Amino acid sequence: MPTRRPHSKSRLGCVQCKRRRIKCDEKTPRCGNCIKHNIDCVYTLSPVNRRLLTQSASTPQSSVGSPNSVSLPEAQSSGLGHGSSNSQSPASDPLVILDPSVHRRDVHLTSDLHLHDLELMHHYSTVSYKTITDRESSQLVWQISVPKEAVVHPFLMHGLLALSALHILELNENSQRRQHYIDLATTHQSMALALFRKELNDITPSNCRAMFAFSSIAAVLALAFTHTTGAEPLPLIDEMLQIFNLLRGIHEVVQAASEWIEKIADFFPPNVVIDPLSVPQEVRDNIAALEVLNADVKRTGLSDEEKEACEHAIAELLVSFEKIYSDLGHLIAFRWPVIIKPLYISLLRDRQPMALVILAHYCVPLHTLGNRWWLKSWGYQLLETIYHQLDISWRDTIRWPVKAVGLAKT
């Protein structure tokens, strides 16, 4: 028996050839068989669908690559796409209307979407922005206005992505992808700082919003990085002093551009009236006790200048309590490190007892705001460190912070 000659099956033949079960040459408007028999030739598929099927069948499959690098097929003169020596027309390629490179031949194609960064931005814009502040009016700024600035200021974008990666780490402590997010957080935070430094000496009306936003989340990044990534920390008091130094440095530079920053009303929440009476009497009584202790120079051993620096720190601590209890938001807690005098910072660095006692009282607002993931147990751990740093004769002076924070004395 003779072998049947193989042929490719036609999916696009005319109705008449299909009915007669003969091969159609698929020519339009009439195929060869219908011309030969002088009959009408009818196709069931529209011209557009016919071209799509023809081209999809003739287009080679792309090779399998990494998720961020996909090999694109070379365009054929009769197929979909672009790059052929023969320019495509809408008649020969129905998808040409979607191809921007038809109008710009210098377009560079890439399939790298940086999906990990898109994931971080999605998490920030849907979850993380809410954790920066509780105030709804400020949350809108962090969700909408700040990302808009970040699009044109890479240092701010890297900062937001670093914050998002740290937050994902906090929410997924046992994730198998933990190292992946640590690497992302480290990379983005390093890039943010490097780019931010370049802008510090050139604050302008065009970048002042982004500068102000980044300066606002600097403390968040600094406080969150160590406890979420597991990085080896400095002694806790020294680490807090480094954070103070960061905030003070940024504040000093940003203040130089205060003329412009004061005009960016869309970045500031509506004015809130500070109500001194909102501070609980217990807080006021213990701040007053601090003032009495600081006045006892025989016990503190402070010079007049050192006493004045500590007196200023105590007064500003009370102001911070007033602002916190007047609902100015979590970030107001970092006003105090910026306002205190350099001499007081030096006293802390030297572990002077009176200075440490004042810092112990600052642990109370830190602990009060500890429901923020980026603050976590900072107030508790810092107070614990101060407690063990102080001589036993001074520990009675921090009884209120110990009680307020719930420190288990050991």
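This one's a predicted model, so the numbers in the text were calculated from it and none came from an experiment. (Residues numbered from 1 in each chain as written. Predicted model: local features only at pLDDT ≥ 70, side-chain atom pairs only at ≥ 80, totals over all residues. Heavy atoms only, no water.)

Looking at this model, I keep getting lost on the nonpolar core. Mind explaining?
Nonpolar side chains in soluble globular proteins tend to end up buried together. Judged by nonpolar contacts, the single largest core of 100 residues is most densely connected at Phe-244, Trp-336 and Tyr-344. Of the residues forming this core, the biggest block, 14 residues, is contributed by helix 8 (residues 208-229). Leave out the neighbours within four places in its chain, and Tyr-344 touches Ala-309, Cys-310, Ala-313, Trp-336, Ala-355, Ile-358 and Leu-359. Listed in part, the six residues of the second largest apolar core include Cys-14, Cys-17, Cys-24 and Cys-34. (Core = buried A, V, L, I, M, F, W, Y, C linked by side-chain atoms within 4.5 Å. Buried < 20%, exposed > 50% of the residue type's maximum accessible area, 1.4 Å probe, protein only. Helix = DSSP H or I, 4+ residues; strand = E, 2+ residues; numbered from the N terminus. Contact = heavy atoms within 4.5 Å.)

Even after reading the chapter, I still don't get the state of the cysteines, so can you show me in this structure?
Note on terminology: disulfide describes a covalent bond linking the sulfur atoms of two cysteines. Tallying each qualifying case throughout the model produces zero disulfides. Summary of cysteine pairing: Cys-24 is not part of a disulfide, and the nearest cysteine sulfur, belonging to Cys-31, is at 3.8 Å. Given the relative accessible area of 5%, Cys-24 is considered buried. (Disulfide = S-S within 2.5 Å.)

I'm lost on the packing of aromatic side chains in this one. Help?
The description of two aromatic rings rests on the distance between their centres and on the angle between their planes. Counted by the stated rule, this structure contains 10 aromatic pairs. Aromatic pair Phe-155 and Phe-214: ring centres 6.0 Å apart, planes at 80 degrees, arrangement edge-to-face. Taken together, the residues Phe-155 in helix 6 (residues 154-171) and Phe-214 in helix 8 connect sequence positions 59 residues apart. Accessibility classification places Phe-155 together with Phe-214 in one group, the buried group. Taking 6.1 Å as the distance between ring centres and 75 degrees as the angle between the ring planes, the aromatic pair formed by Phe-244 and Tyr-362 counts as edge-to-face. Here Tyr-362 lies in helix 16 (residues 353-368) and Phe-244 lies in helix 9 (residues 236-255), a separation of 118 residues in the sequence. Each of the two residues, Phe-244 as well as Tyr-362, counts as buried. Among the aromatic residues, those joined into a cluster by ring pairs are Phe-244, Trp-336, Tyr-344 and Tyr-362. In this arrangement the basic side chain of Arg-299 is found over the ring face of Trp-394, its NZ or CZ atom lying 4.9 Å from the centre. Taking the ring centre of Tyr-387 as reference, the NZ or CZ of Arg-395 above it sits at 4.5 Å. (Phe/Tyr/Trp six-rings, centres within 6.5 Å; stacked < 30°, edge-to-face > 60°. Lys NZ or Arg CZ within 6 Å of the ring centre and 35° of its normal.)

How should I be thinking about the side chain of Arg-248 in this particular structure?
When you line up the elements, Arg-248 lands in helix 9. Of the polar contacts made by the side chain of Arg-248, one reaches the backbone oxygen of Val-338; its length is 3.4 Å. Not counting residues within four places of it along the chain, the set of residues in contact with Arg-248 comprises Pro-337, Val-338, Ile-339, Ile-340, Lys-341, Pro-342 and Ile-345. (Polar contact = N/O pair within 3.5 Å; in protein donor to acceptor, adjacent residues only side chain to side chain.)

Explain the environment of Ser-346 here, please?
Secondary-structure assignment places Ser-346 in helix 15 (residues 342-349). Using a relative accessible area of 30% as the deciding quantity, one classes Ser-346 as partly exposed. Each C-alpha atom, one on Ser-346 and one on Leu-241, is 9.7 Å from the other, the two residues being 105 residues apart in sequence.

Help me understand the environment of Asp-25 in this model?
One can find Asp-25 in the loop between helix 1 (15-20) and helix 2 (32-36). With 11 residues separating them in the primary sequence, Asp-25 and Cys-14 have C-alpha atoms 9.0 Å apart. Ignoring any residue separated from it by four or fewer positions in sequence, one finds Asp-25 in contact with Cys-31 and Gly-32. Looking at Asp-25, its side chain comes within polar contact range of the main-chain nitrogen of Gly-32, at 3.0 Å.

Help me understand the pattern of salt bridges in this model?
Oppositely charged side chains can pair when the atoms bearing their charge come close. Considering all chains together, one arrives at seven salt bridges under this definition. Two residues, Lys-376 and Glu-170, come together in a salt bridge whose shortest N-O distance is 3.3 Å. One end of the pair, Lys-376, is in the loop between helix 16 and helix 17 (378-389); the other, Glu-170, is in helix 6, with 206 residues separating them in the sequence. Take Lys-376: its relative accessible area is 36%, and that puts it in the partly exposed class. Exposure remark for Glu-170: the relative accessible area of 15% places this residue in the buried category. For Arg-335, the salt bridge identified is with Glu-316, shortest N-O distance 2.6 Å. Of this pair, Arg-335 sits in the loop between helix 13 (304-325) and helix 14 (336-339) while Glu-316 sits in helix 13, and the two are 19 residues apart along the sequence. Here the salt bridges share partners, and the residues they tie into one network are Glu-170, Glu-173 and Lys-376. (Salt bridge = Lys/Arg side-chain N within 4 Å of Asp/Glu carboxyl O.)

Got a minute to help me understand unusual backbone geometry in this structure?
Glycine aside, the phi torsion of most residues is negative, and most peptide linkages are trans. The backbone of Glu-26 shows a phi angle near 65 degrees, a positive value even though the residue is not glycine. The backbone of Arg-351 sits at a positive phi, close to 60 degrees, despite the residue not being glycine. Overall, Arg-351 belongs to the partly exposed group, its relative accessible area being 22%.

I tried to follow the packing of helix 9 against helix 15 on my own but got confused; where do I start?
For any two helices packed against each other, the geometry is given by the interaxial angle and the distance between the axes. With their axes 11 Å apart at the nearest point, helix 9 and helix 15 run at an angle of 165 degrees to one another. Of the possible angle classes, the one that applies to helix 9 and helix 15 is roughly antiparallel. The way helix 9 lies across helix 15 gives a crossing that is left-handed. Contacts from Leu-241, Phe-244 and Arg-248 in helix 9 reach Pro-342, Ile-345, Leu-348 and Arg-349 in helix 15. Looking at the contact of helix 9 with helix 15, its residues break down into five nonpolar, no polar and two charged. (Axes fitted to C-alpha atoms, helices over the stretch in contact; angles between N-to-C directions. Parallel < 35°, antiparallel > 145°, perpendicular 65-115°, else oblique. Left-handed = near helix turned anticlockwise from the far one by under 90°. Nonpolar A, V, L, I, M, F, W, Y, C, P; charged D, E, K, R; others polar.)

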